[in-house]
Amino acid sequence: TYYARGPKLRLSAEEIRDQALFVSNLLSEKKYGPGVMPPQPEGIWEHAYLGNLWKESKGEDRYRRAIYTYLKRTSPYPSLISFDAGSREVCLVRRSPSNTPLQALVTLNDPVFLEAAYKLAALSAELPKREAIKNMYETAVYQEIDIEVLDLLEGLFNEAYQDFGQSPEKLNNFFNREGEVDQKQAALTVVGNAIMNLDEFLTHG
């Protein structure tokens, strides 16, 4: 009862990215070393004279904690800035959290979150549809799913599954995966992407 009266606080920019990687079993535990360049939307670092300077990290470095992400003050990592991380141009006593539509666009479209959703779906793909959705939700949110939420997410799965069945070409290069993706896993990925956009995933307290 006392905890319920406390304020809900959105996770910090770095925590949101790290949590998405953690629940999908992608987060690297590697410590120390130079900064890394994880995936980001194309064209962010395009330069008229020097070309694309963002050299995307490979292997384990691709999934390192956000604290190791290489930052350039004139072109900071976009998903972190969207969630109110500092640009390093000035010192911050504290961050002022905001709630904007751009944040939802990040969690629904950023390549890091898309890959995390795909891997989260892969962890439950062998289970029956309803059990898979339940397992994904509880893995991501750390609480049991309400029956109403489960029904809504199952409806989303059914719509996505039907859409992929009618347009199988959408399964080719799905979320930048090479080759065709299994129809069920693709639909579960859409559900996982939605779960990572829920308030329960983005806040604590």
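Residues numbered from 1 in each chain as written. Predicted model: local features only at pLDDT ≥ 70, side-chain atom pairs only at ≥ 80, totals over all residues. Heavy atoms only, no water.

1. Quick notes on the pattern of salt bridges
According to the stated counting rule, one finds 11 salt bridges in the structure shown. In this structure, the salt-bridge partner of Arg130 is Glu154, at a minimum N-O distance of 2.2 Å. In this pair, Arg130 sits in helix 5 (residues 129-141) while Glu154 sits in helix 6 (residues 147-166), placing the two residues 24 residues apart along the sequence. The exposure class of Arg130 is partly exposed, given its relative accessible area of 28%. Judged by relative accessible area, which is 16%, Glu154 ranks as buried. Here Lys170 makes a salt bridge to Asp163, at a shortest N to O gap of 2.9 Å. Overall, Lys170 belongs to the partly exposed group, its relative accessible area being 39%. Salt bridges sharing common partners tie together Lys129, Arg130, Asp151 and Glu154. (Salt bridge = Lys/Arg side-chain N within 4 Å of Asp/Glu carboxyl O. Helix = DSSP H or I, 4+ residues; strand = E, 2+ residues; numbered from the N terminus. Buried < 20%, exposed > 50% of the residue type's maximum accessible area, 1.4 Å probe, protein only.)

2. Some thoughts on the packing of helix 4 (residues 111-124) against helix 5
For the pair helix 4 and helix 5, the least separation of the axes is 9 Å and the interaxial angle reads 125°. One finds that helix 4 runs oblique with respect to helix 5. Taken as a pair, helix 4 and helix 5 cross one another with a handedness that is right-handed. Packed against helix 4, whose contacting residues are Leu120, Ala121 and Ser124, the element helix 5 presents Ala132, Asn135, Met136, Thr139 and Ala140 at the interface. (Axes fitted to C-alpha atoms, helices over the stretch in contact; angles between N-to-C directions. Parallel < 35°, antiparallel > 145°, perpendicular 65-115°, else oblique. Left-handed = near helix turned anticlockwise from the far one by under 90°. Contact = heavy atoms within 4.5 Å.)

3. Notes on empty space enclosed by the protein
All chains considered together, the criterion is met by one cavity of 30 Å³ or more. Here the largest cavity defines a volume of roughly 30 Å³. Every residue along the wall of the largest cavity is listed here: Arg17, Leu21, Pro39, Arg62, Tyr63, Val112 and Glu115. At the level of elements, helix 1 (13-23) and helix 4 are the ones that each hand at least two residues to the lining of the largest cavity. Split by residue class, the lining of the largest cavity holds four nonpolar, no polar and three charged. (1 Å grid on protein atoms, 1.4 Å probe; cavity = no way out; pocket = protein on both sides within 12 Å on 5 of 7 lines; lining within 4 Å. Points joined across faces, edges and corners; volume = space filled by probe spheres on them. Nonpolar A, V, L, I, M, F, W, Y, C, P; charged D, E, K, R; others polar.)

4. What about helix 1?
Most of helix 1 is tucked away, with nine of its 11 residues classed as buried. Among all positions of helix 1, only Ala13, Glu14, Ile16, Arg17, Asp18, Gln19, Ala20, Leu21 and Val23 are buried. Lining the buried residues of helix 1 we find strand 1 (9-10), helix 2 (78-82), helix 4, helix 5 and helix 8 (199-202). One or two steps after helix 1, the chain reaches Asn25, where phi turns positive at roughly 65°.

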